[in-house]
Amino acid sequence: TKQTGNTGGRTGAGAKRGRLARASGKLGEEDQAFHQSARHAGLAGDDPLRYQAMGNLAEIARQRGELARAAAFLEQALGSARAHQASWDIAIITTLLGHLACQQQNYPLAKDSYRAGLQRLAAFGSPTYIAWCLEGCAAALGAEGRAVPATRLCAAAANLRKQADPPLPDGERQALEQVVARARVLWTPPAFRQEWAFGAGLTQEE
């Protein structure tokens, strides 16, 4: 990654402050830090750090309900990532587009975005990020009332999370709990346990 002088250092520092603010749940500080990171990355000519910062800004906007702003950030970030042929970043941004489409209740688009994200994430074999994408897909399916795949994907994602042992951020954990709760009410307890066990038994490739 290209960085120049003091500007490059400020770029990295802004991104670090943004991640720390996110871990502390300080949305306002996170927004300010990633704006700073994107600005300094532009000055330094560091396109990857700039579009990564924009992806983070899109998530902040989405969480605030500023969906049009989130979409603008993500489309710009995706265009830059594609120009750099950055497969990992494309996968992350595509998954974020799935989250956005899900919040907009455009479930067909959300599922298409998650599928596209999974195709790229599978090549990297990261249980954490594959689980993250599966959780989003489960949310879209659950919102459509498709209890079987939603339950199975939730279970598969939970199993992958256990393998990598990454704690879910509070916002994502609460959203996932809502997905599981919606699926659970559509089953008798034995049937729910059966479908959950089926999903938990799936391999990462499956």
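These figures come from a predicted structure and were not determined experimentally.

A.B. asks: Tell me what's going on with the state of the cysteines, and back it up with residues and numbers.
C.D. replies: Taken as a whole, this structure holds zero disulfides when the rule is applied. Unpaired in this structure, Cys102 has its nearest cysteine sulfur neighbour in Cys137, at a distance of 8.9 Å. Left unpaired, Cys133 is separated from the closest cysteine sulfur, that of Cys137, by 7.0 Å.

A.B. asks: Which residues make up the packing of helix α3 (residues 47–63) against helix α5 (residues 87–103), and what values do they have?
C.D. replies: Their axes nearest at 11 Å, the elements α3 and α5 cross at an angle of 15°. Judged on the interaxial angle alone, α5 and α3 are roughly parallel. You can see that α3 and α5 cross each other, and the crossing is left-handed. In contact with Tyr51, Gln52, Gly55, Glu59 and Arg62 of α3, α5 contributes Asp89, Ile93, Leu96, His99, Leu100 and Gln103. Here the contact of α3 with α5 is composed, by residue class, of four nonpolar, four polar and three charged.

A.B. asks: Provide a residue-level description of the confidence of the model for the chain, including the pertinent values.
C.D. replies: Segments scoring low in pLDDT should not have their predicted coordinates read at a detailed level. In the predicted model, the chain carries a mean pLDDT of 81, and the fraction of residues at 70 or more is 75%. With pLDDT under 50 throughout, residues 1–11 is counted as low confidence; its partners more than four residues away or in other chains account for 18 contacts. Across residues 20–24, where pLDDT falls below 50, the model places six contacts with residues more than four positions away in sequence or in other chains.

A.B. asks: Got a sec to walk through the packing of aromatic side chains? Specific residues and values, please.
C.D. replies: Throughout the structure, instances matching the rule amount to four aromatic pairs. When the centroid spacing of 4.9 Å and the interplanar angle of 75° are considered together, the rings of Trp88 and Tyr129 count as edge-to-face. Residue Trp88 is found in helix α5, and its partner Tyr129 is found in helix α7 (residues 127–143); the two are separated by 41 residues along the sequence. Residue placement shows Arg152 over the ring face of Phe198; its charged tip is 3.8 Å from the ring centre.

What counts and how
- Residues numbered from 1 in each chain as written.
- Predicted model: local features only at pLDDT ≥ 70, side-chain atom pairs only at ≥ 80, totals over all residues.
- Heavy atoms only, no water.
- Disulfide = S-S within 2.5 Å.
- Axes fitted to C-alpha atoms, helices over the stretch in contact; angles between N-to-C directions.
- Helix = DSSP H or I, 4+ residues; strand = E, 2+ residues; numbered from the N terminus.
- Parallel < 35°, antiparallel > 145°, perpendicular 65-115°, else oblique.
- Left-handed = near helix turned anticlockwise from the far one by under 90°.
- Contact = heavy atoms within 4.5 Å.
- Nonpolar A, V, L, I, M, F, W, Y, C, P; charged D, E, K, R; others polar.
- pLDDT = per-residue confidence, 0-100.
- Phe/Tyr/Trp six-rings, centres within 6.5 Å; stacked < 30°, edge-to-face > 60°.
- Lys NZ or Arg CZ within 6 Å of the ring centre and 35° of its normal.

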